[in-house]
There are 4 protein chains.
Amino acid sequence: MKFTESRVRVRYAETDQMGIAHHASYVVWFEIGRTDLCRHVGLSYREIEERGFLLVVTEIACRYRTSFRYDDEVLIRTHIEEWGSRAVRFGYELYDATGSEQHARGYSAHFWLDRTTRRPVAVPEDIVSVFRPLLPAGGGTRRNRV
Amino acid sequence: MKFTESRVRVRYAETDQMGIAHHASYVVWFEIGRTDLCRHVGLSYREIEERGFLLVVTEIACRYRTSFRYDDEVLIRTHIEEWGSRAVRFGYELYDATGSEQHARGYSAHFWLDRTTRRPVAVPEDIVSVFRPLLPAGGGTRRNRV
Amino acid sequence: MKFTESRVRVRYAETDQMGIAHHASYVVWFEIGRTDLCRHVGLSYREIEERGFLLVVTEIACRYRTSFRYDDEVLIRTHIEEWGSRAVRFGYELYDATGSEQHARGYSAHFWLDRTTRRPVAVPEDIVSVFRPLLPAGGGTRRNRV
Amino acid sequence: MKFTESRVRVRYAETDQMGIAHHASYVVWFEIGRTDLCRHVGLSYREIEERGFLLVVTEIACRYRTSFRYDDEVLIRTHIEEWGSRAVRFGYELYDATGSEQHARGYSAHFWLDRTTRRPVAVPEDIVSVFRPLLPAGGGTRRNRV
């Protein structure tokens, strides 16, 4: 599995009164992993939108094992789980800074939309091609569980 | 299925540059539905914490169908999907203000923790009893997909 | 001083590890007060944007006296501090649910922008007129401190 | 003026439907600048809390000049504006990635609290001493405006 790595530090604003990072923050970190993956392959998500495409979220899931605390460094490993003609699914694994302990994992599923019409669309081959080095063999195997 | 209802209005701060409510906001709305369910049965989540218990999140999932826009009123319907001795699972359905169109649905799974030791714990019967009117028959059937 | 009132309940996601509502949440509550003021006078901020105007933020300030806690009901009192041809300044006072204790107060200053050109603009008289019942006498006195 | 530097990239979740970073995000970035300043002088804010002190926010202000957009890199320059026996005031300047254009500036005022009693307290000399290299001459001059 080919993945890209991102790092975020837990913000004070992301903690809650349990003294840990609030669970909704993980969804935002997934998004950071996803946009960093795009940048890593050479086409930032900003450019993707500027070219007229949106990657709208259709599903999200996260399984939490160990909490993160304020000021912890979170290592995000992002990979492409599935790649279809009109849909993409990214997988995420969140680790401690050393990459030795997995704290959480999840996925997000998406449709490509035409930014103007807001209708589902297949992205052109030149966009697909930049992601190719990270595509799973055979388009990915659908996993239904986090 | 017995559910409780909550209403939130999409905040400007919750929108993103796609012009719709950001998908992480739904996870926060689920939390509002969950705490309103507690208040509805007569034991606010605040009191639950004050009595020494935490309802920590172990899993979250959401399936998005139709987006919400700024200033839309969101109707949240929350129910208890499963109720075990140490774990709970809440289900959520998000509708437009009239309750006629489902925009999203999802669930959150939780463990009860002792607030001091932060170890899994079974909540006492007097807490269970307040939730009983909303418990699914037979403790609920586990659904693995959103 | 004529004000409008809004109520929000502190969300769990808005707390931080100090066990109180995070200070950035107050800025979001100000925004809720401001959009409710617009709705109250009969022209929702959503409609204002649809008519082609944006109320962009140029300055914000908040003075914090007493903290809010999770599940507290916050009473927001919003008024128009200044109203110029191209700029507006709203004032906010945050109280406990009974309105007897002020927890925080602040203001936000804004320019009107044309939504298409993103240039400063004077809003037309028919928009000004709906706000007139809440305008301060003489256009307001500029206060430089929170 | 001695300052420390931090960099954040505007998250998609931080944008709003105006297509720019929401103004409340700046308050969170200020917090990042402030905690990075602590880390830079050799005493992380996490350690400060572990030693029994809280730096509670009493006032915040921000003046917005130019907006930030999604994926923009924000350069945060943080300095100590005032340092009293029980109160601190940090100043922030937000620049584009090259440091050539100031987009926003602001400040945050704080009291030191004892974490247990939640009462104002003077921090001990060994904490003061680590901040000394960044303290303004004469304890700072109070500026009342952003």
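Residues numbered from 1 in each chain as written. Chains lettered and ligands numbered in written order. Predicted model: local features only at pLDDT ≥ 70, side-chain atom pairs only at ≥ 80, totals over all residues. Heavy atoms only, no water.

Draft legend 1. Spatial organisation of helix H1 (residues 23-41) of chain C. With 19 residues, H1(C) ought to run about 27 Å at 1.5 Å a step, and its terminal C-alpha atoms sit 28 Å apart, in line with that. Of the residues trailing H1(C), C:Gly42 is marked for its positive phi of about 110°. (Helix = DSSP H or I, 4+ residues; strand = E, 2+ residues; numbered from the N terminus. Expected span 1.5 Å × (residues − 1).)

Draft legend 2. Fine view of the interface of chain B and chain A. Each partner contributes to the interface: chain B provides 29 residues, whereas chain A provides 29 residues. Buried area between chain B and chain A, summed over both chains or domains, comes out near 2,400 Å², and the portion from carbon and sulfur atoms is 53%. A:Arg63 is the partner of B:Glu59 in a salt bridge, and the nearest nitrogen-oxygen pair spans 3.4 Å. Seen at the junction of chain B and chain A, the total is twelve residue pairs in polar contact (both at pLDDT 80 or more). At the level of elements, helix H1 (23-41), helix H2 (45-50) and strand S2 (53-64) of chain B are the ones that each hand at least two residues to the side of chain B that touches chain A. When residues of the side of chain B that touches chain A are assigned to their parent elements, the largest contribution, eleven residues, is made by S2(B). Taken together, the residues that form the side of chain B that touches chain A break down as 16 nonpolar, five polar and eight charged. Where strand S2 (residues 53-64) of chain A meets S2(B), five bridges bridge the pair, whose relative direction is antiparallel. Directly across from A:Ala61, in S2(B), lies its bridge partner B:Ala61. (Contact = heavy atoms within 4.5 Å. Buried area = accessible area lost by both parts, 1.4 Å probe. Salt bridge = Lys/Arg side-chain N within 4 Å of Asp/Glu carboxyl O. Polar contact = N/O pair within 3.5 Å; in protein donor to acceptor, adjacent residues only side chain to side chain. Nonpolar A, V, L, I, M, F, W, Y, C, P; charged D, E, K, R; others polar. Pairing = 2+ DSSP bridges.)

Draft legend 3. Quick look at the state of the cysteines. Evaluation of the coordinates by the stated rule reveals zero disulfides over all chains. Free cysteine A:Cys38: the closest other cysteine sulfur is in A:Cys62, separated by 19 Å. (Disulfide = S-S within 2.5 Å.)

Draft legend 4. Fine view of the packing of H1(C) against helix H1 (residues 23-41) of chain D. One way to put it is that H1(C) packs onto H1(D) with a least axis distance of 9 Å and a crossing angle of 170°. One finds that H1(C) runs roughly antiparallel with respect to H1(D). Here H1(C) contributes C:His23, C:Ala24, C:Val27, C:Val28, C:Glu31 and C:Arg34 to the contact with H1(D), which in turn contributes D:His23, D:Ala24, D:Val27, D:Val28, D:Glu31 and D:Arg34. Tallied by class, the residues present in the contact of H1(C) with H1(D) amount to six nonpolar, two polar and four charged. (Axes fitted to C-alpha atoms, helices over the stretch in contact; angles between N-to-C directions. Parallel < 35°, antiparallel > 145°, perpendicular 65-115°, else oblique.)

Draft legend 5. Focus on the sheet that holds strand S3 (residues 73-83) of chain A. Strand order in this open sheet of ten strands is S1(A)-S3(A)-S4(A)-S5(A)-S2(A)-S2(B)-S5(B)-S4(B)-S3(B)-S1(B), and the pairing throughout is antiparallel. Looking at strand neighbours, the two that pair on one side only are strand S1 (4-9) of chain A together with strand S1 (4-9) of chain B, the edges of this open sheet. Taking each pair of neighbouring strands and ignoring which way they run, the sheet shows an average axis angle of 25°. Of the pairings in the sheet, the one linking S1(A) to S3(A) comprises six bridges and is antiparallel in character. Note that in S3(A) the partner of A:Arg9 across the bridge is A:Glu73.

Draft legend 6. Region of the structure containing the packing of aromatic side chains. Applying the stated criterion to the full structure yields 40 aromatic pairs over all chains. Here A:Tyr12 and D:Tyr45 contribute two aromatic rings whose centre-to-centre distance is 5.7 Å and whose plane-to-plane angle is 65°, an arrangement assigned as edge-to-face. Residue A:Tyr12 is located in the loop between S1 and helix H1 (23-41), and its partner D:Tyr45 is located in helix H2 (residues 45-50); the two belong to separate chains. Just as A:Tyr12 is buried, D:Tyr45 falls in that class too. Taken together through their ring pairs, the aromatic side chains of A:Tyr26, A:Trp29, A:Tyr64 and A:Phe68 make up a single cluster. The side chain of C:Arg77 reaches across the aromatic face of C:Tyr95, ending 4.7 Å from its centre. If you follow D:Arg89 out to its NZ or CZ, it ends over the ring of D:Tyr107, 3.6 Å from the centre. (Phe/Tyr/Trp six-rings, centres within 6.5 Å; stacked < 30°, edge-to-face > 60°. Buried < 20%, exposed > 50% of the residue type's maximum accessible area, 1.4 Å probe, protein only. Lys NZ or Arg CZ within 6 Å of the ring centre and 35° of its normal.)

Draft legend 7. Just the relation of the copies chain A and chain C, in detail. For the pair chain A and chain C, the best superposition has an RMSD of 0.0 Å and corresponds to a rotation of 180° with a translation of 0.0 Å parallel to the axis. Seen this way, the second copy is the image of the first under a two-fold rotation axis. A symmetric contact is evident, with 100% of the interface residues of chain A recurring at the interface of chain C. (Least-squares fit on C-alpha atoms with pLDDT ≥ 70 in both.)

Draft legend 8. Region of the structure containing the interface of chain A and chain C. Opposite the nine residues of chain A that make contact, chain C presents nine residues. Carbon and sulfur atoms supply 56% of the area buried between chain A and chain C, which totals about 910 Å² over both sides. When the buried area of chain A at its contact with chain C is split by residue, A:Tyr12, A:Ala13 and A:Gln17 rank highest and sum to 59% of it. Counting the contacts that link chain A with chain C gives zero salt bridges. Linking chain A with chain C are four residue pairs in polar contact (both at pLDDT 80 or more), by the criterion used here. Looking at the side of chain A that touches chain C residue by residue, the class counts come to four nonpolar, four polar and one charged.

Draft legend 9. Region of the structure containing the pairing of strand S2 (residues 53-64) of chain D. Residues and elements named next belong to chain D. S2 sits mainly inside the fold: eleven of its twelve residues count as buried. Taken together, the eleven bridges between S2 and strand S5 (residues 102-114) define a ladder with antiparallel strand orientation. Residue pairing for S5: Val57 is matched across the bridge by His110.

Draft legend 10. Local environment of the nonpolar core. Membership of the largest hydrophobic core comes to 96 residues, with the highest contact counts inside it found for C:Trp29, C:Phe131, D:Trp29 and D:Phe131. Beyond its immediate chain neighbours, meaning those up to four positions away, D:Trp29 contacts A:Arg11, D:Val8, D:Val10, D:Glu14, D:Ala21, D:Phe68, D:Val74, D:Ile76 and D:Leu94. (Core = buried A, V, L, I, M, F, W, Y, C linked by side-chain atoms within 4.5 Å.)

Draft legend 11. Here's a closer look at the relation of the copies chain B and chain A. For the match of chain B to chain A, the screw axis carries a shift of 0.0 Å, the RMSD comes to 0.0 Å, and the turn is 180°. Both copies present the same face, since 100% of the interface residues in chain B are matched by interface residues at the equivalent positions in chain A.

Draft legend 12. Quick peek at the environment of D:His103. All names here are of chain D. As for its placement among the helices and strands, His103 is situated in strand S5. A relative accessible area of 6% means that His103 is categorised as buried. On a C-alpha basis, the gap between His103 and Thr66 in space is 4.6 Å, while along the polypeptide they are 37 residues apart. Residues contacting His103, with those up to four places away along its chain left out, are Arg63, Tyr64, Arg65, Thr66, Ser67, Phe68, Leu94, Tyr95 and Asp96.

Draft legend 13. Spatial organisation of unusual backbone geometry. Residue and element names in this part refer to chain A. You will see that Arg118, though not glycine, has its phi angle at about 60°, which is positive. By the secondary structure assignment, Arg118 is in the loop between strand S5 (102-114) and helix H3 (125-131). Taking the relative accessible area as the measure of exposure, Arg118 reaches 35% and is therefore partly exposed.

Draft legend 14. Highlighting the sheet that holds strand S3 (residues 73-83) of chain D. The ten strands are arranged S1(C)-S3(C)-S4(C)-S5(C)-S2(C)-S2(D)-S5(D)-S4(D)-S3(D)-S1(D) in an open sheet whose pairing can be described as antiparallel. Edge strands, defined here as strands with exactly one partner in the open sheet, are strand S1 (4-9) of chain C together with strand S1 (4-9) of chain D. Within this sheet the neighbouring strands show an average axis-to-axis angle of 25°, counted without direction. Each of S1, strand S2 (53-64), strand S3 (73-83), strand S4 (87-95) and strand S5 (102-114) of chain C together with S2 of chain D is contacted by H1(C), which is oriented at about 65° to S3(C), the strand it contacts most.

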